2 protein chains.
Amino acid sequence: MSFIVQPQLMQFPGELALTSGAVLRDYHLAYETYGELNADKSNAVLVCHALNASHHVAGYYPGKPKSEGWWDNMIGPGKSLDTNRFFVIGINNPGSCFGSTGPMDINPATGEVYGAQFPVLTVEDWVNAQALLLQRLGITQLAAVMGGSLGGMQALSWTLQYPDRVRHAIVIASAPNLSAENIAFNEVARRAIATDPDFHGGDYYRHGVVPKRGLRIARMIGHITYLSDDVMNAKFGRSLRAPTLPAARGSLPPEGAEPARGGPAPALREYLYSTQDVEFQIESYLRYQGDKFSDYFDANTYLLITRALDYFDPARKTGGNLTQALALTQARFLLVSFSTDWRFAPARSRETVHALLENRRSVSYAEIDAPHGHDAFLLDDARYMGVVRSYFDGIAKELA
Amino acid sequence: MSFIVQPQLMQFPGELALTSGAVLRDYHLAYETYGELNADKSNAVLVCHALNASHHVAGYYPGKPKSEGWWDNMIGPGKSLDTNRFFVIGINNPGSCFGSTGPMDINPATGEVYGAQFPVLTVEDWVNAQALLLQRLGITQLAAVMGGSLGGMQALSWTLQYPDRVRHAIVIASAPNLSAENIAFNEVARRAIATDPDFHGGDYYRHGVVPKRGLRIARMIGHITYLSDDVMNAKFGRSLRAPTLPAARGSLPPEGAEPARGGPAPALREYLYSTQDVEFQIESYLRYQGDKFSDYFDANTYLLITRALDYFDPARKTGGNLTQALALTQARFLLVSFSTDWRFAPARSRETVHALLENRRSVSYAEIDAPHGHDAFLLDDARYMGVVRSYFDGIAKELA
């Protein structure tokens, strides 16, 4: 059983100075909280989101029982991160399209929608924005900051930007920076969006269109990198499925069309010998995911968030020496990686673990043997959930 | 030193019956030959091409010393496949955009360009077309058929379709079928092309346009999968490069633009905090590759060839049992794979090796420890070239 939550908005009338030199003015942040802040405000846990997520981390919205937060399996009363003991904050980063100020909002400097004028943000900027929100909540030190993937980068960055304001960092399925291959996939996704004729240089809002083609391609690429080859073979393999439409050679099937509702489509038994029809199950899955995504995600946000991923590189300031970069940290750490995650492979987590150990920091590290690739960080796995639970049990003991 | 070659065309006035049930009428095939056919016509080696290649396998064209064939490092006088001893045939498959009948040609049934009406072809269809060309050359049995990647699938298919007409098959960096992930990458590339507004359902020729945006994205995706993560990090890492243009926020840089010619561009030292400018070297490399490709490759051909890849699956007829499927083979085999090839991983080659061994076929298998990913099959590597040379030495001895 989950619990009912309500999102909140906090206004920031001032300026947020950004890494790029630009500023973000008169912005707001969306957030949610679960559990109760204790008397000495020492039980707060901040949860940072990744590319396609928001402040809605756990619980569900009134009257919408299927609206569970993206980490609802991890966070709640009695769960691994137990909201009976911790005060958990989910926050939406600026630049997002899920509630905090983003490219779809009005630029106070011009009175027009930001669009392509929205300033480029970094992980460090997000952490600064998060820190300001916590300050307004009266929280001067976090019991823990926690995130997966890009969220893990924010957790790591917290320990560098505000070393004395975070006691524990839980960094899951993450990396100390992107590899060339990671950047390459981001770049292809960005090019698909930016070269969509409906993108209009980022100012598509005023043209009344959305670069859906580009968003679909971006999401399809993303999905491939979230899954392992093994789990794709297990889930889809080379299985065929029914086409979504009678195959009309030379005509385009509707984008991301799924089988007609009202019953399971009959299985396709033979190849259709087409180049554009859906023949394999994996094709149908990807088109569906791409289509769904293009209905709700903002293209400028996609560009901004992938760029923040590209830029994150705490060792850049120390000539590539991660150990030297992490010398600033004071927190204790839990890192978790997943054996089949090839987007942020275990070797990347181990780089961080080694650099922390060389600094004699307290580090727990779990490498979970899971088949699901990068997606594993969002899924149930008894060992994974157990590791996180036991780590938070330890933190809870410090509170007493 | 390489040698001068001339491409040739052979007309086929009849009908080629295709797997799909369609026929290809009045077609021509482009091919090249190197070396001399011996008196008993027993020294012929057919070389099959992969996605982005042609009949121009070795040598160079008159007056164009930089026009070496795609496997010129492997094939020629004194090379691993020695044209002093073997008569080598490079053939371009129907559906290609490099000389054989393809979607850009006139459909004799309508008098108009084929475009989207070009019939969908399979690996088996290509092998049938190759067999007809060999018949016209008077070659009743090949000393060997050889190919890498998709070319390796054709070599394997030869041993099933014409078991008594091929003595040896050399199957390099290939697989007995595509995995779900392989199909997924193909599907994203196809969607990028087919959803490009300039694609016009495949009939872009008559609109006087080319779906360049889609081709660029397709090629960028392809390139990522040809390289290993390691070699990408070694070649590009997180290095920055100079932007191609003064960064104008909100304006699109020219597609695939490279640094201005006339001298090396100065290195970029800091992030630009942009979402569309070229900042990382890997971005510049991918854009350049995508742009070059979109200048010469036909979009319909790309769809056709990736679909032939998807469809290839000799074990489909035997309920997924590869051993049973390969019971038809009579040839002897050399298989080669490369340790960092994640597109067609060594495990995929081993599937074929095991299935052949279970049929008590003669199989040599080399797993080459090379850093270059799938691309390794096209590159020089002393052990790789040595393995192929020594295998052909053995074949040459049979000829004497």
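Residues numbered from 1 in each chain as written. Chains lettered and ligands numbered in written order. Predicted model: local features only at pLDDT ≥ 70, side-chain atom pairs only at ≥ 80, totals over all residues. Heavy atoms only, no water.

Caption draft 1: Inspection of the UniProt feature "active site" (unreviewed entry) in chain A at higher detail. Residue and element names in this part refer to chain A. As annotated by UniProt and renumbered to match this structure, "active site" (unreviewed entry) occupies Ser149, Asp341 and His374. Across 226 residues in sequence, these annotated residues keep their C-alpha atoms within 10.7 Å of one another, forming a single compact spot. Examined against the element boundaries, Asp341 turns out to sit in the loop between β11 (332-338) and α9 (346-358). The exposure class of Asp341 is buried, given its relative accessible area of 2%. Once residues within four sequence positions are removed from consideration, Asp341 is found in contact with Ala173, Pro346, Gly373 and His374. Along the chain, His374 falls in the loop between β12 (363-368) and α10 (382-399). By relative accessible area, His374 is classed as buried at 2%. (UniProt positions renumbered as here; feature names shortened; annotations may be inferred. Helix = DSSP H or I, 4+ residues; strand = E, 2+ residues; numbered from the N terminus. Buried < 20%, exposed > 50% of the residue type's maximum accessible area, 1.4 Å probe, protein only. Contact = heavy atoms within 4.5 Å.)

Caption draft 2: Structural detail: the sheet that holds strand β9 (residues 144-148) of chain A. Residues and elements named next belong to chain A. Taken in spatial order, the eight strands make up an open sheet running β1-β2-β6-β3-β9-β10-β11-β12, and their pairing is mixed. Here the strands that pair on one side only, and so sit at the sheet edges, are β1 (8-17) and β12. Taking the axes of each pair of neighbouring strands and ignoring which way they run, one obtains an average angle of 20° across the sheet. Its contacts with the sheet place helix α2 (residues 150-161) against β3 (44-48), β9, β10 (168-172) and β11, and it is angled at close to 150° to β9. Strands β3, β9, β10, β11 and β12 of the sheet are contacted by α10, whose axis makes an angle of about 175° with β11. (Pairing = 2+ DSSP bridges. Axes fitted to C-alpha atoms, helices over the stretch in contact; angles between N-to-C directions.)

Caption draft 3: Representation of the pairing of β1 of chain A within the structure. Residue and element names in this part refer to chain A. Here β1 pairs with strand β2 (residues 23-34) via eight bridges, running antiparallel. Its bridge partner being in β2, Leu9 is matched across the sheet by Ala30. Once β1 ends, the chain turns through five residues before running back antiparallel as β2, passing Gly21 with a positive phi of about 105°.

Caption draft 4: Spatial organisation of α2 of chain A. All names here are of chain A. The end-to-end C-alpha distance of α2, which contains twelve residues, comes to 16 Å, matching closely the 16 Å that a straight helix rising 1.5 Å per residue would cover. Counting buried residues in α2 gives eleven out of twelve residues, a clear majority hidden from the surface. All buried positions along α2 are accounted for by Leu150, Gly151, Gly152, Met153, Gln154, Ala155, Leu156, Ser157, Trp158, Thr159 and Leu160. (Expected span 1.5 Å × (residues − 1).)

Caption draft 5: Up close: the pattern of salt bridges. Overall, the coordinates contain 42 salt bridges over all chains when judged by the stated rule. Across the pair Glu351 of chain A and Arg348 of chain A runs a salt bridge, and its minimum N-O distance is 2.7 Å. You can see Glu351 of chain A and its partner Arg348 of chain A sitting in helix α9, three residues apart, about one turn around the helix. Each of Glu187, Arg190, Arg307 and Asp310 of chain A together with Glu279, Glu283 and Arg287 of chain B takes part in one network of salt bridges that share partners. (Salt bridge = Lys/Arg side-chain N within 4 Å of Asp/Glu carboxyl O.)

Caption draft 6: Quick look at the interface of chain B and chain A. Listed per partner, the contact involves 65 residues of chain B and 66 residues of chain A. Where chain B meets chain A, there are ten salt bridges. Taking the shortest distance from any N to any O, the salt bridge between Glu187 of chain A and Arg287 of chain B comes out at 2.7 Å. In this structure, the connection of chain B to chain A is made through 34 residue pairs in polar contact (both at pLDDT 80 or more). Mapped by element, the contributors of at least two residues to the side of chain B that touches chain A are α3 (180-194), α4 (212-226), α5 (229-235), α6 (281-296) and α7 (299-311) of chain B. For the side of chain B that touches chain A, the element with the most residues is α3 of chain B, which contributes eleven residues. (Polar contact = N/O pair within 3.5 Å; in protein donor to acceptor, adjacent residues only side chain to side chain.)

Caption draft 7: Inspection of the UniProt feature "binding site: substrate" (unreviewed entry) in chain A at higher detail. All names here are of chain A. Listed under "binding site: substrate" (unreviewed entry) in the UniProt record, and renumbered for this structure, are Arg219 and Asp375. These annotated residues cover 157 residues of sequence, and their C-alpha atoms all fall within 13.9 Å of one another, placing them together at a single site. Mapped onto the secondary structure, Arg219 falls in helix α4 (residues 212-226). Residue class for Arg219 comes out buried when judged on its relative accessible area of 9%.

Caption draft 8: Quick peek at unusual backbone geometry. You will see that Tyr273 of chain A, though not glycine, has its phi angle at about 55°, which is positive. Mapped onto the secondary structure, Tyr273 of chain A falls in the loop between α5 (229-235) and α6 (281-296). Here the phi dihedral of Asp26 of chain B falls at roughly 50°; this positive angle occurs in a residue that is not glycine. Relative to the assigned elements, Asp26 of chain B resides in strand β2 (residues 23-34).

Caption draft 9: Main features of the environment of Val336 of chain B. All names here are of chain B. With respect to the secondary-structure elements, Val336 resides in strand β11 (residues 332-338). Measuring from C-alpha to C-alpha, the distance between Val336 and Ile217 comes to 30 Å, with 119 residues separating the pair along the chain. In contact with Val336, other than residues within four places in its own chain, are Val171, Ile172, Ala173, Ser349, Tyr365, Ala366, Ile368, Tyr384 and Val387.

Caption draft 10: Highlighting the packing of aromatic side chains. A complete count under the given rule lists 48 aromatic pairs over all chains for this structure. Judged by centre distance (6.0 Å) and plane angle (50°), the rings of Tyr271 of chain A and Phe280 of chain A are tilted. For Tyr271 of chain A, a relative accessible area of 11% puts it in the buried group. Put simply, the rings of Phe98, Phe293, Tyr296, Phe297 and Tyr302 of chain A touch in pairs and so form one group of aromatic residues. Note that Arg136 of chain B overlies the ring of Phe12 of chain B, its terminal NZ or CZ placed 4.8 Å from the centroid. Directly above the ring of Tyr271 of chain A sits Arg316 of chain B, whose terminal nitrogen or CZ lies 4.5 Å from the centroid. (Phe/Tyr/Trp six-rings, centres within 6.5 Å; stacked < 30°, edge-to-face > 60°. Lys NZ or Arg CZ within 6 Å of the ring centre and 35° of its normal.)

Caption draft 11: Here's a closer look at the nonpolar core. Trp71, Ile172 and Tyr384 of chain A together with Trp71, Ile172 and Tyr384 of chain B are the most contacted members of the largest nonpolar core, which has 265 residues in total. Each residue touching Trp71 of chain B, except ones within four places of it in the same chain, is listed here: Val47, Val57, Met146, Gly147, Gly148, Ile172, Phe377, Leu378 and Tyr384 of chain B. (Core = buried A, V, L, I, M, F, W, Y, C linked by side-chain atoms within 4.5 Å.)

Caption draft 12: Main features of the domain arrangement of chain A. All names here are of chain A. The assigned domain composition of chain A is domain 1 (8-177 + 317-399) and domain 2 (179-243 + 274-311). A C-alpha centroid distance of 24 Å is found between domain 1 and domain 2. Residue-level contacts link 33 residues of domain 1 with 31 residues of domain 2. Regarding the contact of domain 1 and domain 2, the summed buried area is about 2700 Å², with carbon and sulfur atoms giving 64% of it. On the domain 1 side of the interface with domain 2, the three residues burying the most area are Leu51, Trp342 and Arg343, jointly 27% of the side's total. Seen at the junction of domain 1 and domain 2, the total is one salt bridge. A salt bridge links Arg206 to Glu112; its shortest N-O distance comes to 3.7 Å. In this assembly, domain 1 and domain 2 are joined by nine residue pairs in polar contact (both at pLDDT 80 or more). Where the side of domain 1 that touches domain 2 is concerned, the elements lending two or more residues are β8 (112-113), α1 (123-136) and α2. Within the side of domain 1 that touches domain 2, the residues separate by chemical class into 19 nonpolar, ten polar and four charged. (Domains from an automatic or database assignment. Buried area = accessible area lost by both parts, 1.4 Å probe. Nonpolar A, V, L, I, M, F, W, Y, C, P; charged D, E, K, R; others polar.)

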